[in-house]
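Summary of the model geometry
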Amino acid sequence: MQYPLALSFKLVALAPQAYVRDAQGKELLYVKQKLLKLKEKIRVFADSSQQRELYEINADRILDFSPRYTFTDTTGRVVGAVKRQGAKSLWKASYEIFGPDDHAIARLEEENPWVKLLDGLIGEIPIVGAFTGYFLNPKYRVEELATRRTMVHVVKHRSFLESKFEIQRAEATLDEASETAVLLSILMMVLLERSRG
């Protein structure tokens, strides 16, 4: 994959849609989430034509504070998983990423929890709250558990009707299996944190 990757998410769409594109603008992943699903089941496609499904993301339980989302390919083989760290995510977004062998490989965390706090407070103010996505932009990092090195940085850019993130590769090397698990975890995190604009 050619980094940096661009992840965009339409805020005003009825059914949430997310796109991941490489540095050349080529679509790598596309998600259109179904509305009113009690137990998440998300299909990930190669592009917005939805002709070629690549992965499926399934929640392990219905409406829970810290569900685990498992990623499988089209053959049903597990390629990774992500689990929201329940109470820890109240202060700042925090997720644990698992590889295909079900061992934790990385942690995805928000860098500055004060952004989340301000976003929550200002977001409740009528009219002003609609503009928080323009001036409150969180940053996240994916840190390898074994070495504590940063694998990926995720930076949200200013936007109004669409959330735009840039995924930048860091110093730690990523094998293909880890890269898939990390990328799908970032996508899932954005879908779960979307209410923040």
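As a starting point, this report considers the structure included with it. Not measured: the values here are computed from a predicted model.

1. Quick look at the pairing of strand 6 (residues 68–73)
- Of all six residues in strand 6, five are buried; the element is thus mostly enclosed.
- Here strand 5 (residues 53–59) runs beside strand 6; their pairing, made up of five bridges, is antiparallel. The partner of Ile57 across the bridge, within strand 6, is Phe71.
- With five bridges connecting them, strand 6 and strand 7 (residues 78–84) associate as antiparallel partners. By the bridge assignment for strand 7, Thr72 is matched with Val78.
- As consecutive antiparallel partners, strand 6 and strand 7 are separated by four residues, and within that stretch Gly76 has a phi angle of approximately 90 degrees, a positive value.

2. Section: empty space enclosed by the protein
- Tallied over the entire structure, the rule returns two cavities of 30 Å³ or more.
- Taken as a whole, the second largest cavity holds about 30 Å³ of empty space.
- Lining the second largest cavity, in full, are Tyr3, Val152, Ile167, Leu174, Glu179, Val182, Leu183 and Ile186.

3. Some remarks on the nonpolar core
- Counting 42 residues, the largest nonpolar core has Leu29, Val142, Val152, Ile186 and Leu187 as the members making the most contacts within it.
- Looking at this core, the element that brings in the most residues is helix 4 (residues 176–192), giving 10 residues.
- With residues near it in sequence (within four places) discarded, Val152 still touches Tyr140, Arg141, Val142, Ile167, Gln168, Ala170, Leu174, Val182 and Ile186.

4. Some words on helix 4
- Over its 17 residues, helix 4 extends 24 Å from the first C-alpha to the last, a length consistent with the 24 Å expected when each residue adds 1.5 Å.
- Of all 17 residues in helix 4, 14 are buried, a share of seventy percent or more.
- The N-cap residue of helix 4 is Asp175: its side-chain oxygen and the backbone nitrogen of Ala177 are 3.1 Å apart.

5. Focus on the pattern of salt bridges
- Applying the stated rule across the entire model yields four salt bridges.
- Across the salt bridge formed by Arg77 and Asp73, the nearest N and O atoms sit 3.2 Å from each other.
- Residue Asp73 is classed as buried on the basis of its relative accessible area of 15%.

How each quantity is defined
- Residues numbered from 1 in each chain as written.
- Predicted model: local features only at pLDDT ≥ 70, side-chain atom pairs only at ≥ 80, totals over all residues.
- Heavy atoms only, no water.
- Buried < 20%, exposed > 50% of the residue type's maximum accessible area, 1.4 Å probe, protein only.
- Helix = DSSP H or I, 4+ residues; strand = E, 2+ residues; numbered from the N terminus.
- Pairing = 2+ DSSP bridges.
- 1 Å grid on protein atoms, 1.4 Å probe; cavity = no way out; pocket = protein on both sides within 12 Å on 5 of 7 lines; lining within 4 Å.
- Points joined across faces, edges and corners; volume = space filled by probe spheres on them.
- Core = buried A, V, L, I, M, F, W, Y, C linked by side-chain atoms within 4.5 Å.
- Contact = heavy atoms within 4.5 Å.
- Expected span 1.5 Å × (residues − 1).
- Polar contact = N/O pair within 3.5 Å; in protein donor to acceptor, adjacent residues only side chain to side chain.
- Salt bridge = Lys/Arg side-chain N within 4 Å of Asp/Glu carboxyl O.

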